[in-house]
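Next come the chains, spelled out residue by residue.
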Amino acid sequence: MECTIDWGGPDGMLFVARTGSGHVTAMDGAPDGGGHNLAPRPMEMLLAGTGGCAAYDVVLILKRGRQAVTDCRVTLTAERADTDPKVFTKIHFAFIVSGKGLSPAAVERAVKMSHDKYCSASAMLAKTAEITHSIEILEA
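Everything in this summary refers to the structure shown in the same document. No experiment lies behind these values; they were computed from the predicted model shown.

## Notes on the environment of Val111
- Assignment of secondary structure puts Val111 in helix 2 (residues 104-118).
- Separated by 56 residues in the primary sequence, Val111 and Ala55 have C-alpha atoms spaced 8.4 Å apart.
- With residues up to four places along the chain from it excluded, the contact list for Val111 reads Val58, Phe95, His133 and Ile135.

## A few points about the environment of Gly49
- Inspection of the secondary structure assignment puts Gly49 in helix 1 (residues 42-64).
- Sequence separation between Gly49 and Phe88 is 39 residues; the distance between their C-alpha atoms is 14 Å.

## Focus on the sheet that holds strand 2 (residues 15-19)
- The sheet built from 3 strands is open, its strands ordered 1-2-3 with antiparallel pairing. Where the open sheet ends on each side, the last strands, each with one partner, are strand 1 (3-7) and strand 3 (24-27). For this sheet, the mean inter-axis angle between neighbouring strands, taken without regard to orientation, is 25°.
- Taken together, the 4 bridges between strand 2 and strand 3 define a ladder with antiparallel strand orientation.

## Examining helix 1
- Helix length check: helix 1, at 23 residues, gives a terminal C-alpha distance of 33 Å against a target of 33 Å (1.5 Å per residue), a fit within 8%.
- Those residues of helix 1 that fall on the buried side of the exposure criterion are Leu47, Thr50, Gly51, Ala54, Ala55, Asp57, Val58, Ile61 and Leu62.
- Structurally, helix 1 contributes buried residues whose contacts are with strand 4 (68-80), strand 5 (88-100), helix 2 and helix 3 (120-125).
- Downstream of helix 1 by one or two residues, Arg66 has phi in the positive range, about 60°.

## Description of the packing of aromatic side chains
- Summed over all chains, the structure comprises 1 aromatic pair.
- A centroid spacing of 6.2 Å and a plane angle of 10° characterise the contact between Phe93 and Phe95, whose relative ring orientation is stacked.
- On the basis of relative accessibility, which here comes to 4%, the residue Phe93 falls in the buried class.
- Between the NZ or CZ atom of Arg80 and the centre of the ring of Phe88, over which it lies, the distance is 5.9 Å.

## Examining the side chain of Ser122
- Position of Ser122 among the secondary structure elements: in helix 3.
- Among the polar contacts made by the side chain of Ser122, one reaches the main-chain carbonyl oxygen of Cys119 at a distance of 3.3 Å.
- If sequence neighbours within four positions are ignored, Ser122 has contacts with Thr50, Phe93, Ser114, His115 and Ile131.

## Details of the packing of helix 1 against helix 2
- Packing of helix 1 against helix 2 leaves a shortest axis separation of 9 Å and a crossing angle of 130°. Relative to helix 2, helix 1 is oriented oblique. Two packed elements cross with a definite hand, and for helix 1 against helix 2 that hand is right-handed. Side by side, helix 1 and helix 2 meet where Ala54, Asp57, Val58, Ile61 and Leu62 of the first sit next to Ala106, Val107, Arg109, Ala110, Val111, Met113, Ser114 and Tyr118 of the second.
- Here the residues of the contact of helix 1 with helix 2 are counted per class, giving 10 nonpolar, 1 polar and 2 charged.

## Some points on the nonpolar core
- With 25 residues, the main nonpolar core has Val58, Leu62, Ile91, Phe93, Phe95 and Val97 as its most contacted residues.
- When contributions to this core are tallied by element, the ones reaching two or more residues are helix 1, strand 4, strand 5, helix 2 and helix 3.
- When neighbours within four sequence positions are excluded, Leu62 is seen to be in contact with Gln67, Val69, Val97, Ala106, Val107 and Ala110.

Conventions we followed
Residues numbered from 1 in each chain as written. Predicted model: local features only at pLDDT ≥ 70, side-chain atom pairs only at ≥ 80, totals over all residues. Heavy atoms only, no water. Helix = DSSP H or I, 4+ residues; strand = E, 2+ residues; numbered from the N terminus. Contact = heavy atoms within 4.5 Å. Pairing = 2+ DSSP bridges. Axes fitted to C-alpha atoms, helices over the stretch in contact; angles between N-to-C directions. Expected span 1.5 Å × (residues − 1). Buried < 20%, exposed > 50% of the residue type's maximum accessible area, 1.4 Å probe, protein only. Phe/Tyr/Trp six-rings, centres within 6.5 Å; stacked < 30°, edge-to-face > 60°. Lys NZ or Arg CZ within 6 Å of the ring centre and 35° of its normal. Polar contact = N/O pair within 3.5 Å; in protein donor to acceptor, adjacent residues only side chain to side chain. Parallel < 35°, antiparallel > 145°, perpendicular 65-115°, else oblique. Left-handed = near helix turned anticlockwise from the far one by under 90°. Nonpolar A, V, L, I, M, F, W, Y, C, P; charged D, E, K, R; others polar. Core = buried A, V, L, I, M, F, W, Y, C linked by side-chain atoms within 4.5 Å.

Laid out in structure tokens, this is it:
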């Protein structure tokens, strides 16, 4: 895996990331840190990537289990250390999974499998952060 990050120049803290898979995304800082608030912060991108990793796992596990999943949303709420490096210390994943006749046990199993076995991002963050989750199931 490879990623190249280029600084946008001396008038701010905008960075452009080009991934090995051919995608481009931007990151910026807060104005009080020299940024212009033009894009997500790098730590927000890390949190978003972790949420994407977990949601991907949950949907894939449910589909493979022949569950009729129609939507999956996960909201991550995180706390960070007060001192540098300001690592994540707590992360809560709030899953809302929709589908037709979803088995609550299957959804719980999918979330647990993502956390315990498949999601590389949350496994790394669990080294510094307490990871918790909640699940809400909606009938589609």
